[in-house]
Amino acid sequence: MRRLLYLTSAMVFFDVAFFAAIAPLLPDYVAELGLSKAQAGVLTASYAAGTLVASLPAGLLAAWIGPRRTVIGGLLLLGVASAAFGFANELALLDAARFTQGIAGALIWSGALTWLVTTAPPERRGSVIGTALGTAVAGALLGPALGALAAEIGTEPVFGAVFGVSFLMAAIAARLPEATAPKRQALREVAVAIASRPMLAATAFVAIPSVMFGAIEVLVPLRIAELGGGHGLIAGGFIVGAAFEACLAPVAGRYSDRVGRRAPFVTGLVVCAVAMSMVAVAQTLGLVMTALIATSLGAGICFAPALTMLSEAAETSRLHQGFASGLSNMAWAAGQVVGGVGAGVTATAVGNAPPSFAIAALLLVTASYAYRSLGAAMARPAAT
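Presented here is an overview of the structure given in this document. Keep in mind it's a predicted model, so treat the numbers as computed, not measured. (Residues numbered from 1 in each chain as written. Predicted model: local features only at pLDDT ≥ 70, side-chain atom pairs only at ≥ 80, totals over all residues. Heavy atoms only, no water.)

A short note on the overall build of the protein
Stated precisely, the cut-off is as follows: Helix numbering and strand numbering both begin at the N terminus, where a helix is a DSSP run of H or I of at least 4 residues and a strand a DSSP run of E of at least 2. In this setup the radius of gyration rests on C-alpha atoms only. A globule is expected at 2.2 Å times the number of residues raised to 0.38. Summary of the burial criterion: residues with accessible area below 20% of their type's maximum are buried, those above 50% are exposed, and those between are partly exposed, where the area comes from a 1.4 Å probe applied to protein chains only.
A tally of helices and strands in the protein yields 14 helices and 0 strands. Going residue by residue from the N terminus, the α and β elements of the protein occur as α-α-α-α-α-α-α-α-α-α-α-α-α-α. Taking 384 residues into account, the globule formula puts the C-alpha radius of gyration at 21 Å, and the protein, at 19 Å, falls close to it. For the protein, the spread of C-alpha atoms along the three principal axes comes to 55 × 45 × 35 Å. Expressed as a percentage of its 384 residues, the buried residues of the protein come to 57%.

Shown next, in the form of C-alpha cells:
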C-alpha cells in the first residue's frame, strides 16, 4: 500500500505541476499573441476541457482494463502533449496541446484514484485521498515556479523535460501489480447509479469549488499584472497558496474520517466564498494576494471530504470506483471550464467584480444545502 501511495502521489504531483505552470506564462501569451481575457480563459481552461471530455471514458478504462494500464497510457500521452505545448507558438496549437494534456490528466487521475481507493481500507479512505490530494496540490507549488522558469529560459526545455520523466514513471508503474481484477460493469447499471440522487449531489460538491479555481486561474494572474505585478509575484502567490492547501488536505481528510464529512466541507466552502468576495473588491496587490491565499485555504479544507463523499456515494450505489474517479475528474473539469471561460468572458465585458461575486454566492448556496442535507450517511465516516 505504501509503495502504491508514493507512486500515485508522484504521478498526480507531476500532472498538477504542469497544469499549474500556465499561470506565470499567461501574461506573456496575452502580450505576445494579443489575446483577450476571453481567449486567455479558453487557453487556461483547455486542459480542463480535455479532462472533461475524457473523464468518463477514463473511468471506463480503469474499470475494464485496470487502473495500472490506465495510468501508464495517461503518462505516455502527457509526455508527448507537454513537449508539443513547449514548442507551440500559435494559439490553436497551444489550445490543442493543453487540451491533450487534459485528456492525459483524466487517465492519470482516474487510474490513480481507482488504484488507491480499491486498495485502502474504508476507514482510512479520507486520509488516503487527502494525502494524495495534498501531494497533488504540492505539485501546484512547483507548477508556477516551472512556469516562471519557462518564461525566463523558454518553454521548449522546461516542457520538453516532461517527456522523459513521464516515460520513467510509466516504467515504474508497469512493475506494480493491479489492486483488483478489472470488472466490466454493464453500462445501463452505470447510468442508473450515476443518475441517483446521492451521486448527483456528491458530484456537484466537487464541481462547485472547481468553478472557483477556474475563475481564480484567469482573474488573479491578469489582475496582478494590471496592478504592476510580474511573473515572480504571480508564481509566489500561487506557490504560497498551494503550500497551505497541500498541508491542509491530508489533515482535513483524516479529520473527516473521525468526525464526518460535513463540517470540514461546509467550512471550506464558506472560506472560499469570503475569498472570492475579496477578489471582487481588491484594488491593491496585497489584497489580491491575500484573497488568492484564502481560496487555497478553503480548498484545502473542503476538497478531500468532497472527493471522499463521491467515493462513498459510489460504493453505496454499487458503482465501480473507476467510474467514481471519472466522475470526480468530470466534476473538477466542468467546474474549471465554466469558471475559467465564464469568468474570462464576463470580466472582459463588465470587469472582475460580477463573476467573483456570482461565484461567492454559488459557494454560499452550496454550503447551505450541504449543511442541511448531509445529516445522514454522507456526513458520517464510512463504516469499518
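Now that the structure has been shown, the text picks up again.
Focus: unusual backbone geometry
In this structure, Arg 318 takes a positive phi of about 60° despite not being glycine. Its location among the elements puts Arg 318 in the loop between α12 (285-316) and α13 (321-350).

Focus: the packing of aromatic side chains
Worth spelling out the cut-off: Note on aromatic pairs: the rings of Phe, Tyr and Trp (six-membered ring only in Trp) are paired at centre separations within 6.5 Å, and the planes decide the class, stacked below 30 degrees, edge-to-face beyond 60, tilted for the rest.
Considering all chains together, one arrives at 9 aromatic pairs under this definition. Here Phe 19 and Tyr 47 contribute two aromatic rings whose centre-to-centre distance is 4.8 Å and whose plane-to-plane angle is 55°, an arrangement assigned as tilted. Residue Phe 19 is located in helix α1 (residues 2-20), and its partner Tyr 47 is located in helix α3 (residues 37-64); the two are separated by 28 residues in the primary sequence. Measuring from ring centre to ring centre gives 6.3 Å for Tyr 29 and Phe 85, while their planes differ by 80°; the resulting arrangement is edge-to-face. Of the two residues, Tyr 29 sits in helix α2 (residues 22-33) while Phe 85 sits in helix α4 (residues 67-87), which places them 56 residues apart along the sequence. The same class applies to Tyr 29 as to Phe 85, namely buried. An aromatic cluster is built from Phe 19, Tyr 47 and Trp 332, whose rings are joined through pairwise contacts.

Here we look at a nonpolar patch on the surface
Formally: Residues enter patches when their relative accessible area tops 30% and they take part in no salt bridge; the joining distance is 9 Å for like charges and 5 Å for the nonpolar side chains Val, Leu, Ile, Met, Phe, Trp and Tyr. Where accessible areas are quoted, they stem from the Shrake-Rupley method and a 1.4 Å probe; at the residue level, only the protein chains shown are allowed to cover. By convention in these notes, a salt bridge is any Lys or Arg side-chain nitrogen within 4 Å of a carboxyl oxygen on Asp or Glu.
On the surface, a cluster of nonpolar side chains totalling about 320 Å² of accessible area is made up of Leu 76, Val 80, Phe 163 and Phe 167. Breaking the nonpolar patch down by element, the ones donating at least two residues are α4 and α7 (155-173). Take Leu 76: it is sitting in helix α4.

Here's the deal with the nonpolar core
Put simply, the rule is: The set of buried Ala, Val, Leu, Ile, Met, Phe, Trp, Tyr and Cys residues whose side-chain atoms join them within 4.5 Å is what this entry labels a nonpolar core. The contact rule is simple, with two residues in contact once any of their heavy atoms fall within 4.5 Å.
By size, the foremost hydrophobic cluster in this structure holds 112 residues, and its most contacted members are Phe 265 and Leu 363. A per-element tally of this core places helix α9 (residues 197-226) first, with 16 residues. Among residues more than four places away in sequence, those in contact with Phe 265 are Phe 205, Cys 302, Pro 305, Ala 306, Met 309, Ala 370 and Leu 374.

Digging into helix α10 (residues 231-259)
We apply this condition: Each residue after the first adds 1.5 Å to the expected span of a helix. At every residue, the bend is computed as the angle between two fitted axes, covering the seven residues ending there and the seven beginning there respectively.
Compared with an ideal rise of 1.5 Å per residue, which puts 29 residues at 42 Å, α10 spans 41 Å between its outermost C-alpha atoms and is within 8% of the ideal. Along α10, the helix axis deviates most sharply at Leu 248, where the bend reaches about 25°; the proline Pro 250 sits within four residues downstream.

Thoughts on the side chain of Thr 8
Applicable threshold: Nitrogen and oxygen atoms within 3.5 Å of one another constitute a polar contact, given that in protein one can donate a hydrogen and the other can accept it, and given that sequence-neighbouring residues count only through two side-chain atoms.
Counting through the fold element by element, Thr 8 comes out in helix α1. According to the relative accessible area criterion, Thr 8 is buried, its value standing at 1%. Among the polar contacts made by the side chain of Thr 8, one reaches the main-chain carbonyl oxygen of Leu 4 at a distance of 2.8 Å. Contact partners of Thr 8, with chain neighbours within four places excluded, come to Ala 112, Trp 115 and Leu 116.

Observations regarding the environment of Asp 28
Inspection of the secondary structure assignment puts Asp 28 in helix α2. Residues Asp 28 and Ala 151 lie 123 residues apart in sequence; the distance between their C-alpha atoms is 7.7 Å. Apart from residues no more than four positions distant in its own chain, Asp 28 is found in contact with Ala 151 and His 231.

Some thoughts on the packing of α9 against α10
The description of two packed helices rests on the angle between their axes and on the distance between the axes. Put simply, the test is: For helices, the fitted axis covers only the stretch in contact; all axes are lines through C-alpha atoms, and the angles between them, taken along N-to-C directions, range from 0 to 180 degrees. Take the far helix as your reference; a near helix turned counterclockwise from it by less than a right angle gives a left-handed crossing, and one turned clockwise gives a right-handed crossing. Under the scheme applied, nonpolar residues are Ala, Val, Leu, Ile, Met, Phe, Trp, Tyr, Cys and Pro; charged residues are Asp, Glu, Lys and Arg; polar residues are all the others, including Gly.
Contact geometry for α9 and α10: axes closest at 9 Å, N-to-C directions at 145°. In the packing of α9 onto α10, the handedness of the crossing is right-handed. Here Phe 213, Ile 216, Glu 217, Val 220, Pro 221 and Ile 224 of α9 come into contact with α10, specifically with Leu 233, Ile 234, Phe 238 and Glu 245. Taken together, the residues that form the contact of α9 with α10 break down as 8 nonpolar, no polar and 2 charged.

Considering the pattern of salt bridges
According to the stated counting rule, one finds 3 salt bridges in the structure shown. In this structure, Arg 223 engages Glu 226 in a salt bridge whose closest nitrogen and oxygen atoms are separated by 3.2 Å. Taken together, the residues span about one helical turn, with Arg 223 and Glu 226 both in helix α9 at a distance of 3 residues. Its salt-bridge partner being Glu 312, residue Arg 261 comes within 2.4 Å of it at the nearest N-O pair. In this pair, Arg 261 sits in the loop between α10 and α11 (262-281) while Glu 312 sits in helix α12, placing the two residues 51 residues apart along the sequence.

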